Amino acid sequence: GQNIDQPTEMTATEGAIVQINCTYQTSGFNGLFWYQQHAGEAPTFLSYNVLDGLEEKGRFSSFLSRSKGYSYLLLKELQMKDSASYLCAVFGSGNTGKLIFGQGTTLQVKP
Amino acid sequence: DVKVTQSSRYLVKRTGEKVFLECVQDMDHENMFWYRQDPGLGLRLIYFSYDVKMKEKGDIPEGYSVSREKKERFSLILESASTNQTSMYLCASSLPTSGDTKETQYFGPGTRLLVL
């Protein structure tokens, strides 16, 4: 079967660093996306990893280990506006553009 | 900027009604997708289309159908709405994937459907 696991909820303090983990078991792997979704809004693209290692983009970084079926999203210097859901999604086998989504992690940033 | 629009943000329908949810994208994307999003279950793919008049079932197609008569428009149809179809419906579009290039999906704002 296909399975993507993320923690349901996390809480962190403004200015801190938080790491959101994602583990996956899919039939085939062609890349992993992270999306941010504020309450009542559409998901928006954050990052894409297809090779092992760390991709850094400003305050956000994403890491991938294909051998472990594992990724994380690292958010530094947390701001109140980072309170949102973070969705991990995997491109499985094939080339149709289909994504398999995890349930999402709701992050609450407190002052 | 890519723009994906959905016909309604909020919709209230009665059990048994036929419901049309419309999605339009303005970036000439080949791929279009319909998801539903429920608490604790994440986004689940209902149907997708990779070309005009083409459609493929996703993970939960039962009770739904789709139509793609024009490239920019992808419609989701609930033939006879039921209370368990109360959900947030999200449309997305993307360019086709090719080789090592994986194109991100761009999402519409969502339609929150309540079936009474």
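Residues numbered from 1 in each chain as written. Chains lettered and ligands numbered in written order. Predicted model: local features only at pLDDT ≥ 70, side-chain atom pairs only at ≥ 80, totals over all residues. Heavy atoms only, no water.

*Asks:* What exactly am I supposed to notice about the state of the cysteines here?
*Replies:* As used here, a disulfide is simply a covalent bond connecting the sulfur atoms of two cysteines. Residue and element names in this part refer to chain A. Applying the stated criterion to the full structure yields two disulfides over all chains. With a sulfur-sulfur separation of 2.0 Å, Cys22 is cross-linked through a disulfide to Cys88. Across the disulfide from Cys22 to Cys88, rotation about the S-S bond amounts to roughly -70°, and the bridge is consequently left-handed. With Cys22 in strand E3 (residues 18-25) and Cys88 in strand E9 (residues 84-91), this residue pair connects regions lying 66 residues apart in the sequence. With relative accessibility at 0%, the residue Cys88 sits in the buried group. (Disulfide = S-S within 2.5 Å. Helix = DSSP H or I, 4+ residues; strand = E, 2+ residues; numbered from the N terminus. Buried < 20%, exposed > 50% of the residue type's maximum accessible area, 1.4 Å probe, protein only.)

*Asks:* Explain the side chain of Ser61 of chain A to me, please; I cannot follow it from the model alone.
*Replies:* By the secondary structure assignment, Ser61 of chain A is in strand E7 (residues 60-65). Not counting residues within four places of it along the chain, the set of residues in contact with Ser61 of chain A comprises Leu54, Glu55, Glu56, Tyr72, Leu73, Leu74 and Lys76 of chain A. (Contact = heavy atoms within 4.5 Å.)

*Asks:* For this particular structure, what's the right way to read a nonpolar patch on the surface?
*Replies:* All names here are of chain B. A grouping of Val12, Leu114 and Leu116 is seen on the molecular surface, where their side chains present a nonpolar patch of about 270 Å² in accessible area. Note on placement: Leu116 falls in the segment after strand E11 (111-115). By relative accessible area, Leu116 is classed as partly exposed at 47%. (Patch = residues over 30% accessible without salt bridge, like charges linked within 9 Å, V, L, I, M, F, W, Y side chains within 5 Å. Areas by Shrake-Rupley, 256 points an atom, 1.4 Å probe, with all protein chains shown as cover. Salt bridge = Lys/Arg side-chain N within 4 Å of Asp/Glu carboxyl O.)

*Asks:* Help me understand the nonpolar core in this model?
*Replies:* Looking at soluble globular proteins, one finds that nonpolar side chains tend to be buried together. Formed by 21 residues in total, the largest nonpolar core has its most connected members in Leu32, Trp34, Leu75, Tyr86 and Leu107 of chain A. Contributions of two or more residues to this core are made by E3, strand E4 (32-37), E7, strand E8 (70-75), E9 and strand E11 (105-110) of chain A. (Core = buried A, V, L, I, M, F, W, Y, C linked by side-chain atoms within 4.5 Å.)

*Asks:* Whenever I open this one, the interface of chain A and chain B confuses me. Can you help?
*Replies:* How big an interface is tends to be stated in terms of the accessible area lost upon association of its parts. Contacts between chain A and chain B engage 20 residues on the former and 23 residues on the latter. For the chain A and chain B pair, buried surface summed over both sides reaches about 1,700 Å², with 55% attributable to carbon and sulfur atoms. The interface formed by chain A and chain B contains zero salt bridges. Counting across the interface, chain A meets chain B through four residue pairs in polar contact (both at pLDDT 80 or more). Contributing elements (two or more residues each) for the side of chain A that touches chain B: E4, strand E5 (44-49), E9 and strand E10 (99-101) of chain A. Along the lines of polarity and charge, the residues of the side of chain A that touches chain B split into ten nonpolar, eight polar and two charged. (Buried area = accessible area lost by both parts, 1.4 Å probe. Polar contact = N/O pair within 3.5 Å; in protein donor to acceptor, adjacent residues only side chain to side chain. Nonpolar A, V, L, I, M, F, W, Y, C, P; charged D, E, K, R; others polar.)

*Asks:* Teacher, can you tell me more about the sheet that holds strand E1 (residues 4-6) of chain B here?
*Replies:* To summarise the sheet geometry, strands pair through backbone hydrogen bonds and adopt either a parallel or an antiparallel arrangement. All names here are of chain B. With antiparallel pairing, four strands are arranged side by side in an open sheet as E1-E3-E8-E7. Where the open sheet ends on each side, the last strands, each with one partner, are E1 and strand E7 (64-70). Within the sheet, the average angular offset between the axes of one strand and its neighbour, ignoring direction, is 20°. (Pairing = 2+ DSSP bridges. Axes fitted to C-alpha atoms, helices over the stretch in contact; angles between N-to-C directions.)

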